[in-house]
Amino acid sequence: MIHLRRLSLFLVELPLRRPFVTSFGEERVRHALIVAVEGEDAEGFGECVADAGPWYSAETAETARHVILDFALPLLQRASLSHPRDLAELLSPIRGHPMAKAALEAALWDLFSRQEGIPLWRALGGMRDEVPAGVSVGIQPDVPSLLEQVAAFAEQGYQRVKLKIKPGWDLEVLEAVRERFGSLPLQVDANAAYTPDDAGRLRALDRFDLLMVEQPLSYEDLLGHARLAQVMRTPLCLDESITSPNRAWEALELGACQIINVKQGRVGGLTAALSIHGLAQERGVPLWCGGMLETGVGRALNVALATLPGFVLPHDISATERYYREDIAAPSFRLTARGTIPVPQGPGLGVEVDLARLLRATVASWSRRL
Ligand code: OSB
Ligand code: MG
C-alpha cells in the first residue's frame, strides 16, 4: 500500500542556456511544475512537462496545478493505492489532462521504487545501463549559426541530430547541413507546422536521407498523416498527436506513423507509456523517448523509460549542460564518449532534488495534507 502524507507543488522557472526556438514559439525559460509526494519514510518527485502557454499542447503548468490540486487530490484522498500503475484508473473520471496526471504518477513511481529500494528503470522492467543520446537543435537566426551548433554537438558525440523545421526553414537548410555533414544521422521535427497542401514540399525531404520526419501536420490530423505516409519514403513519427495508448493504437491502425516518439509526460504517465511500449513491441514499431527540456527530475524519468527493450532509436535525452547551467537535481546527466547517457543506479529516479536550488528556482508553491 502506498501511504501518502503530503502533496506539494513547486512552480519553478529555470533559465535555458540558449533560447529554444520551434515552429510554435521561443522558450527562454523552462516553466516546470514539480510534484513532491511525502510517504511514510520517503519522498517522491515528478515533473509536469506542460509549458507556461498552450502552444505545444492545450495544457499549461497552471492548468496542471488546477487539475492536480482541485480534482486529482480529492480522488487520491478517498482511495488507497497499492501500486503507481493504479493511479491512471483512479484518475480516469478526469477527462484529458494527461500531463497533469503523468506528473503525479511520476512522483508515485519515484516514491514506490525508493520504498522498494530499487532504481525506477528496474521497477519499469528496463534492461540497459546507458541510453543512446540524440540532440534536438532549435530554429536558428541563420544557417551559419545552425551549422556551428550542429558541428559542436556532432563533435561532442551525439548519435544523431534532430533539426526543428518549418516552412521556409527546411529544404535550403537541410541542403546546407547535408553538404557539410554528409553521413551524420539526421531527422527533422516540424511541430505541426505544415498542412496537407504542403505535401509536395514535405516529399522533397525524401532526398536528405532522414531517419524520420516528426509531426509534420496538425496534432489532430491522424488521417492526414496516414495519407502523407502513403506518398513519402521517409518514415513518419508522431509526437503531439499521441496523447494516450488509445491514440497510439489508432495511429498505428491507420498507418499514420511508422515510429512513435514517446514522452511519458504527454501520454498520461509511465503506465500509459508502458502500454504504448507493449503495443509497439507486438507490431515491431520502433520507439524513442522524446524530451520537453526537462529538469533533472523529468530527465531521470525519461532515461528510466528509455531502458525498455522497445526503445531502439537515439532519444531526445541530452546532457544537462546542453540545457541548464544549474539544474534542480544532482548529479547532472553527462554524455559518454560513446554518445550515451548513463542510467542512474540509485533507488527511484537515481538523482536527488537539491532543496536549496529547488527553492531558489521556485516562483510559487502549494502544499496539501493527504
Ligand atoms: O517537439 O520534441 C519536441 C522541446 C519542447 C517541446 C517540444 C519538443 C521539444 C524538443 C526538445 O524537441 C527535446 C529535448 O528535451 O531535448
Ligand atoms: Mg517533437
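Here, the structure is the one placed above.
Figured I'd write up the structure that's included with this text. All figures in this text were calculated on a predicted structure; none of them were measured in a lab.

**Looking at the overall build of the protein chain**
Tallying secondary structure elements over the protein chain gives 13 helices and 15 strands in all. What you see for the protein chain is a C-alpha radius of gyration of 20 Å, in line with the 21 Å of a compact globule of 370 residues. Structurally, the protein chain occupies a C-alpha span of about 60 × 40 × 35 Å along its principal axes. Relative to its 370 residues, the protein chain shows a buried fraction of 59%. By sequence separation, contacts in the protein chain at least 24 residues apart represent 72% of the contacts at least 6 residues apart. On the protein chain, roughly 14800 Å² of surface is accessible, and the fraction owed to carbon and sulfur atoms is 49%.

**Observations concerning the site of ligand 1**
Taken together, the neighbourhood of ligand 1 is formed by 16 residues, with S136, D189, N191, L293 and Y323 sitting nearest. Interatomic distance of 3.0 Å between a side-chain N/O atom of K162 and an oxygen atom of ligand 1. The fraction of the free accessible surface of ligand 1 (390 Å²) that becomes covered by protein chains is 99%. Residues belonging to the shell around ligand 1 are distributed by class as follows: 6 nonpolar, 3 polar and 7 charged.

**Notes on the packing of aromatic side chains**
Evaluation of the coordinates by the stated rule reveals 4 aromatic pairs. Judged by centre distance (6.4 Å) and plane angle (90°), the rings of W109 and F112 are edge-to-face. Taken together, the residues W109 and F112, both in helix α3 (residues 98-116) and 3 residues apart, mark about one turn of the helix. Both residues of the pair, W109 and F112, count as buried. It is R160 that lies over the ring of W288; its NZ or CZ is 5.0 Å from the centre.

**As for the coordination of the magnesium ion (ligand 2)**
Every protein donor of the magnesium ion (ligand 2) is listed here as D189 (OD), E214 (OE) and D239 (OD), and their distances to the metal cover 2.0 to 2.2 Å. All donor residues of the magnesium ion (ligand 2) come from one chain, and their arrangement in sequence is D-x24-E-x24-D. Taken together, the residues span a long stretch of sequence, with D189 in strand β7 (residues 186-189) and D239 in the loop between β9 (236-238) and α9 (245-254) at a distance of 50 residues. Accessibility assignment for this pair places D189 and D239 in one class, buried.

**Section: the side chain of T307**
Tracing the chain through its elements places T307 in the loop between α11 (296-305) and α12 (320-323). Residue class for T307 comes out buried when judged on its relative accessible area of 0%. Leave out the neighbours within four places in its chain, and T307 touches W121, G126, M127, R128, V131 and V343.

**Comments concerning the pattern of salt bridges**
Under the criterion given, the structure shown has 22 salt bridges. Here R338 makes a salt bridge to E130, at a shortest N to O gap of 2.7 Å. Of this pair, R338 sits in the loop between β12 (329-330) and β13 (340-342) while E130 is found in strand β4 (residues 130-132), placing the two residues 208 residues apart along the sequence. Among the ionic pairs, E326 bridges to R357, the shortest N-O distance being 3.9 Å. Within this pair, whereas E326 is found in the loop between α12 and β12, its partner R357 is found in helix α13 (residues 355-361), the two being separated by 31 residues in sequence. Exposure remark for E326: the relative accessible area of 38% places this residue in the partly exposed category. Its relative accessible area of 25% is what places R357 among the partly exposed residues. Here the salt bridges share partners, and the residues they tie into one network are R160, K162, K164, D189, E214 and D316.

**Concerning the nonpolar core**
The biggest cluster of nonpolar side chains holds 94 residues, and the ones touching the most others in it are L163, L205 and I260. Other than its neighbours up to four places away in sequence, I260 contacts C237, L238, I242, A248, L252, I276, V285, P286, L287 and W288. In terms of nonpolar packing, the next biggest core, distinct from the first, is built from 35 residues, A42, L73, L76 and A103 among them.

**A few points about helix α1 (residues 61-77)**
The end-to-end C-alpha separation of α1 is 22 Å, in line with the 24 Å expected for 17 residues at 1.5 Å each. Taken residue by residue, α1 has A61, A64, R65, V67, I68, L69, A72, L73, L75 and L76 as its buried positions. Buried residues in α1 make contact with β1 (6-22), β2 (25-38), β3 (43-48), α2 (87-90), α3 and β15 (362-369).

**With respect to the environment of L174**
In this structure, L174 sits in helix α6 (residues 171-180). Taking the C-alpha atoms as reference points, L174 and V297, 123 residues apart in sequence, are found 33 Å from one another. Sequence-distant contacts of L174, that is, excluding residues within four places in its chain, are made with L163, L186, V188, L205, F208 and L210.

**Some words on the state of the cysteines**
Taken as a whole, this structure holds 0 disulfides when the rule is applied. Here C48 stays unpaired: no disulfide links it, and the sulfur of C289, its closest cysteine neighbor, is 16 Å away. Of all cysteine sulfurs, the one in C237 lies closest to C289, which takes part in no disulfide; the gap is 11 Å.

Parameters and conventions
Residues numbered from 1 in each chain as written. Chains lettered and ligands numbered in written order. Predicted model: local features only at pLDDT ≥ 70, side-chain atom pairs only at ≥ 80, totals over all residues. Heavy atoms only, no water. Helix = DSSP H or I, 4+ residues; strand = E, 2+ residues; numbered from the N terminus. Rg over C-alpha atoms; globule rule 2.2 N^0.38 Å. Buried < 20%, exposed > 50% of the residue type's maximum accessible area, 1.4 Å probe, protein only. Contact = heavy atoms within 4.5 Å. Areas by Shrake-Rupley, 256 points an atom, 1.4 Å probe, with all protein chains shown as cover. Near = heavy atom within 4 Å. Polar contact = N/O pair within 3.5 Å; in protein donor to acceptor, adjacent residues only side chain to side chain. Nonpolar A, V, L, I, M, F, W, Y, C, P; charged D, E, K, R; others polar. Phe/Tyr/Trp six-rings, centres within 6.5 Å; stacked < 30°, edge-to-face > 60°. Lys NZ or Arg CZ within 6 Å of the ring centre and 35° of its normal. Donors = N, O, S within 2.8 Å, 3.2 Å for Na, K, Ca; no water. Salt bridge = Lys/Arg side-chain N within 4 Å of Asp/Glu carboxyl O. Core = buried A, V, L, I, M, F, W, Y, C linked by side-chain atoms within 4.5 Å. Expected span 1.5 Å × (residues − 1). Disulfide = S-S within 2.5 Å.

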